[in-house]
Amino acid sequence: MKLLVTGGAGFIGSNFVHYLLKTHPEDEVTVLDDLTYAGNLENLKVVEENAHFRFVKGNINDIELVETLVAECDIIVHFAAESHVDRSIIDPGVFVLTNVHGTYVLLEAARKHNKRFHHVSTDEVFGALGTADAPFDESTAYDPRSPYSASKAASDHLVRAYFHTYGLPITISNCSNNYGPYHFPEKLIPLAITNLLEGKSVPVYGDGLQVRDWLYVEDHCRAIDLIIHQGKLGETYCIGGNAEKENIWIVKKLLALLGKDESSIEYVKDRAGHDRRYAINYSKIERELGWRPEVTLEEGLTKTVAWFQENETWWKNVKSGDYQKYYVKQYENR
Ligand code: NAD
Ligand code: TYD
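Everything in this summary refers to the structure shown in the same document. All of these numbers come straight from a predicted model, not from anything done at the bench.

## Remarks on the packing of aromatic side chains
Logical step 1: With the rule as written, the count across this model stands at 15 aromatic pairs.
Logical step 2: With centroids separated by 5.3 Å and ring planes inclined at 50°, the aromatic side chains of phenylalanine 16 and phenylalanine 79 adopt a geometry described as tilted. With a gap of 63 residues between them, phenylalanine 16 in helix H1 (residues 11-23) and phenylalanine 79 in the loop between strand S4 (75-78) and helix H3 (85-90) connect regions that are remote in the sequence. Each member of the pair, phenylalanine 16 together with phenylalanine 79, is buried.
Logical step 3: Plain terms: the ring middles of tyrosine 182 and tryptophan 307 are 4.8 Å apart, the flat faces sit at 55° to each other, and that makes the pair tilted. Of this pair, tyrosine 182 sits in the loop between strand S7 (177-179) and helix H6 (188-197) while tryptophan 307 sits in helix H10 (residues 297-310), and the two are 125 residues apart along the sequence. Accessibility classification places tyrosine 182 together with tryptophan 307 in one group, the buried group.
Logical step 4: Among the aromatic residues, those joined into a ring-pair cluster are Phe126, Phe136, Tyr142 and Tyr278.
Logical step 5: Across from the ring centre of tryptophan 249, 4.4 Å away, lies the NZ or CZ of lysine 245, which sits over that ring.

Here it is as structure tokens:
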């Protein structure tokens, strides 16, 4: 199979490319990625010599380039996006451009060449849960509340519209918060680990009692692999990690794994419109495709901390440059 993987130089996309070339060595993978601040060719270093791998630098809004690449592939697996909620609060425009318009450009090319399309999305499109609410599932109504989740919701609706209107062979997955190797250190877990390794504190937003469901990235990649091979066209699958935890629990766990005490916690002003809780009921993909998360949170966090300890050059390079500029801007906004 020939796959076009958009956003393959980012966190989840690069893990997916590694997973794919390991589990399906006969497949041919083209990554299309514009190498924004979040894209990093270092993430693809382990596959760069693989004859079944090709990297193309380009924007998913480049219609001509997208058409050429789509014509050559069997399936598009669409990860490319602006993915960070805090950035979407500071600068929503690029989220609309990439996540909504970029998805439209890919869908049009897929329609023209009648190609299979898998759209990678988030549980954040469903909004926020109260403590006693049942977890999100495929029937939950959309209620996005941040510019990021609104842009992802819009893209999900477009993808579904192309199925109903044009019969485009699509699937969608909505997953919970991923973590693992190559995670960009602006998100909670890699930010906390790298700050602690640098002897800095960890910023905890508000009271730290917000809840996220944590999914080890390799479990997510395995789920996408199953959906693209065995998923039913037109369907959506919710993917969760069975690991709901308050943010402060995660931070304290990382402190313990890194031998630090609670003086490294810094409570800071809350995020605007901060969603209180996300949780996923993944029984559909479990029932229909036999998937369930295999890596426990304990195991996943231990592996992730070890990866960051062993890959200091990777995160130190990432944390220089643009990253610093963003943090200055974010702190000015507080
Ligand atoms: P990421 O920010 O780490 O990577 C995004 C990648 O997309 C980068 O390599 C970037 O260069 C590329 N990109 C951005 N704009 C582009 C454009 N216009 N053209 C081409 N390439 C572009 O993101 P991630 O965390 O790996 O997330 C991947 C996908 O999974 C996203 O669609 C995101 O919404 C979704 N998702 C992520 C999570 C999570 O916890 N990280 C959870 C649920 C869903
Ligand atoms: P994040 O990793 O940005 O993912 P998302 O907002 O998509 O869930 O944040 C995870 C949770 O951690 C979220 O409730 C916000 C919180 N958070 C902090 O408390 N401090 C931080 O420095 C960051 C980045 C996030």
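Text resumes after the structure shown.
## So, helix H2 (residues 63-72)
Logical step 1: What H2 keeps buried is the set Val66, Leu69 and Val70. When H2 is viewed along its axis, its buried side chains cluster within an angular range of 100° and face the same direction.
Logical step 2: Against the buried residues of H2 lie strand S1 (2-6), strand S2 (28-33), strand S3 (53-57), S4 and helix H4 (93-113).

## Thoughts on the side chain of glutamate 82
Logical step 1: Within the fold, glutamate 82 resides in the loop between S4 and H3.
Logical step 2: Notably, glutamate 82 is buried but unbridged: the nearest opposite-charge side chain belongs to arginine 87, and the N-O separation is 5.8 Å.

Conventions we followed
Residues numbered from 1 in each chain as written. Chains lettered and ligands numbered in written order. Predicted model: local features only at pLDDT ≥ 70, side-chain atom pairs only at ≥ 80, totals over all residues. Heavy atoms only, no water. Phe/Tyr/Trp six-rings, centres within 6.5 Å; stacked < 30°, edge-to-face > 60°. Helix = DSSP H or I, 4+ residues; strand = E, 2+ residues; numbered from the N terminus. Buried < 20%, exposed > 50% of the residue type's maximum accessible area, 1.4 Å probe, protein only. Lys NZ or Arg CZ within 6 Å of the ring centre and 35° of its normal. Arc of directions from axis to C-beta. Contact = heavy atoms within 4.5 Å. Lys, Arg positive; Asp, Glu negative; His and termini not counted. Salt bridge = Lys/Arg side-chain N within 4 Å of Asp/Glu carboxyl O.

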